[in-house]
Structures are given as C-alpha cells and as structure tokens.
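Chain by chain, the residues:
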Amino acid sequence: MIETLESARLDALERLAAGAANRRSAMHVPAVGTADGDIRIMVLRHFDPADWSMRFHTDFRSPKVAALAANPAVHVLAYDPEAKVQIRMRGQGEILREGRVADAAWASADNYARRCYLADAPGSSSETPTSGLPQWAEGRKPTDDQLADARQNFAILRVMLDRIDWFMLAHEGHRRAILTRDGAGWVAP
Ligand SMILES: Cc1cc2nc3c(=O)[nH]c(=O)nc-3n(C[C@H](O)[C@H](O)[C@H](O)COP(=O)(O)O)c2cc1C
C-alpha cells in the first residue's frame, strides 16, 4: 500500500520509465491527446524521470503535427490493468524534425521501422485497402539507398510533462496523488 507522496511519485516515475524500456509493459503504448480533441495510441520510446520528458516517434506529415503547431498542449494517458494504476499526464509537446535527438533516433531504428516513413502521409485517402507503402516495399526490408526519401518524414514528439495524476485502485482503499515537478498532494480518488 502506498502511503507517502514520495512513494507515489516513485511509483509513477518508475512505471513510466519501465513503460519506455519494456515492450511488454502496459505503459509502453499510452494514449496521446492533442488540443484539437484527437487522441491516439503511440509507442513510448523514452522517459526521463529526472526532467519528466517523454519521446515518441512520428510522421511529420501526420495531423497531430499540425494540431501541435496550433496548440502545444498534450495529454498522455497510461494504464496498467494488472497493477490497476492509471497515470494521467499533462504537458507541452514539441516536434523535433532535425538535430541531434531526431538524428540519433533515426540512426538507431532498423530499416523495417524506417520503412513506415516511405508510406503515403497518415490519413491520406485511398480507393483500396492500403498500407500506404509503395508496391516495391511491400513485404521487404528496404536498403539504405531506398530509404533516402524517408528521413524527411520522420520526427520526434517530445513532451515535457508538468503534471502527473497518479491513481491506484486497491481493495484496502484507492489512492490518488497529483504530482508536479516541485510539489505533490493527495486528492480523493
Ligand atoms: C499499437 C500502435 C502503436 C502505434 N504507435 C505509433 C507511434 O509510435 N507513433 C505514431 O505516430 N503513430 C503510432 N500509431 C498510429 C497512431 O495511433 C495514429 O493512428 C497515427 O499516428 C495517425 O496520426 P494522427 O494521430 O496524427 O492522425 C500506433 C498505433 C497503434 C495501434
């Protein structure tokens, strides 16, 4: 049972770090909301417990990028059904298309992962069911040369969190804490 704000903070930060590091973690694929009211599942690639920053990979042409340019407010929702812990987060999003962070992420992706960025822009309509990929790339791993045009479509979504709402459902009594980087308080669940 978590009975101190410090342990609630630790629990939230550890779960998010594990969510980024472990593909099997329920918190590996949180829902990410933008201020236009849309929400989508994204793979959590990195979480830094020291500065509360998160990183996701995305397509620069996707609608969420335009939504973030209009309003950088981001909501992230993660839930672990086994632990019955919900983490609701608020922060500011930023798209990084160039520079050290985006280059390093691109460099560490394999060519299958990079292949997604050869596809038609997310949300473009099609007369037929489609992966969006060019025919030649279906079912095959492109070479570095074939991926030359893909890099320009790749971007990082970096979210700087400023508020974490941590909620643990428990028989002995639910617990809920609102955490900021320099403060914390209990609230009724
Ligand atoms: C399991 C799963 C993981 C996904 N991971 C990502 C991701 O890491 N980045 C991303 O941009 N979209 C990801 N998507 C697709 C998004 O949910 C969304 O459909 C897509 O980004 C469309 O762009 P929009 O939200 O800007 O309209 C994922 C979808 C699923 C089902």
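Below: a short report on this structure. What you see is a predicted model; the values in this text were computed from it and never measured.

With 17 residues, helix α1 (residues 5–21) should cover 24 Å at 1.5 Å per step; its first-to-last C-alpha distance of 24 Å lies within 8% of that length. The complete set of buried residues in α1 reads A8, R9, D11, A12, L13, L16, G19 and A20. The inward-facing, buried residues of α1 contact β3 (46–48), β4 (53–59), β6 (85–96), β7 (154–168), β8 (175–180) and β9 (183–186).

A few words on the packing of aromatic side chains. With the rule as written, the count across this model stands at 3 aromatic pairs. When the centroid spacing of 5.2 Å and the interplanar angle of 50° are considered together, the rings of W106 and F154 count as tilted. In this pair, W106 is assigned in helix α3 (residues 100–108) and F154 in strand β7, connecting sequence segments 48 residues apart. Residue W106 is classed as buried on the basis of its relative accessible area of 12%. Assessed through its relative accessible area of 1%, F154 is described here as buried.

What follows is about the layout of surface pockets. The method is simple in principle: a probe with the dimensions of a water molecule rolls over the atoms, and the space it marks as empty is what remains. For the largest pocket, the calculated volume is near 530 Å³. Lining the largest pocket are 32 residues, and of these T58, D59, C116, Y117 and P122 sit closest to its centre. Contributions of two or more residues to the lining of the largest pocket are made by β2 (39–41), β4, α3 and α4 (111–115). No other element matches the 4 residues that β4 contributes to the lining of the largest pocket. Residue composition of the lining of the largest pocket, by class: 14 nonpolar, 10 polar and 8 charged. Empty space within the second largest pocket amounts to approximately 160 Å³. Forming the walls of the second largest pocket are 13 residues, and the residues nearest its centre are H75, V76, R88, M89 and R90.

For the rest of this paragraph, the subject is the pattern of salt bridges. This model, assessed by the stated rule, comprises 10 salt bridges. Across the salt bridge formed by D11 and R15, the nearest N and O atoms sit 2.7 Å from each other. With a gap of 4 residues between them, D11 and R15 both fall in helix α1, about one helical turn apart. Salt bridges sharing partners connect three or more residues here, namely D11, R15 and D80.

On to the pairing of strand β5 (residues 73–80), then. Only one face of β5 is covered, namely the face carrying V74, V76, A78 and D80; the face carrying A73, H75, L77 and Y79 is uncovered. Two elements, strand β1 (residues 31–34) and β5, share 4 bridges in a ladder whose sense is antiparallel. Among the inter-strand pairings, T34 is bridged to a residue of β5, identified as V74. The sheet contact formed by β5 and β6 spans 8 bridges and is antiparallel. Within β6, the position partnered with V74 by the bridge is G91. Hairpin connection of β5 to β6: 4 residues between the antiparallel strands, including K84 at a positive phi of 55°.

Lining the immediate environment of the ligand, one finds R40, I41, M42, V43, H57, T58, S62, P63 and K64. One of the backbone N or O atoms of I41 is found 2.8 Å from an oxygen atom in the ligand. Burial of the ligand by the protein amounts to 59% of the accessible area it has alone, namely 610 Å². Counting residues per element, the ones that place at least two in the shell around the ligand are β2, β4 and α2 (63–70).

Rules behind the numbers
- Residues numbered from 1 in each chain as written.
- Predicted model: local features only at pLDDT ≥ 70, side-chain atom pairs only at ≥ 80, totals over all residues.
- Heavy atoms only, no water.
- Helix = DSSP H or I, 4+ residues; strand = E, 2+ residues; numbered from the N terminus.
- Expected span 1.5 Å × (residues − 1).
- Buried < 20%, exposed > 50% of the residue type's maximum accessible area, 1.4 Å probe, protein only.
- Contact = heavy atoms within 4.5 Å.
- Phe/Tyr/Trp six-rings, centres within 6.5 Å; stacked < 30°, edge-to-face > 60°.
- 1 Å grid on protein atoms, 1.4 Å probe; cavity = no way out; pocket = protein on both sides within 12 Å on 5 of 7 lines; lining within 4 Å.
- Points joined across faces, edges and corners; volume = space filled by probe spheres on them.
- Nonpolar A, V, L, I, M, F, W, Y, C, P; charged D, E, K, R; others polar.
- Salt bridge = Lys/Arg side-chain N within 4 Å of Asp/Glu carboxyl O.
- Pairing = 2+ DSSP bridges.
- Near = heavy atom within 4 Å.
- Polar contact = N/O pair within 3.5 Å; in protein donor to acceptor, adjacent residues only side chain to side chain.
- Areas by Shrake-Rupley, 256 points an atom, 1.4 Å probe, with all protein chains shown as cover.

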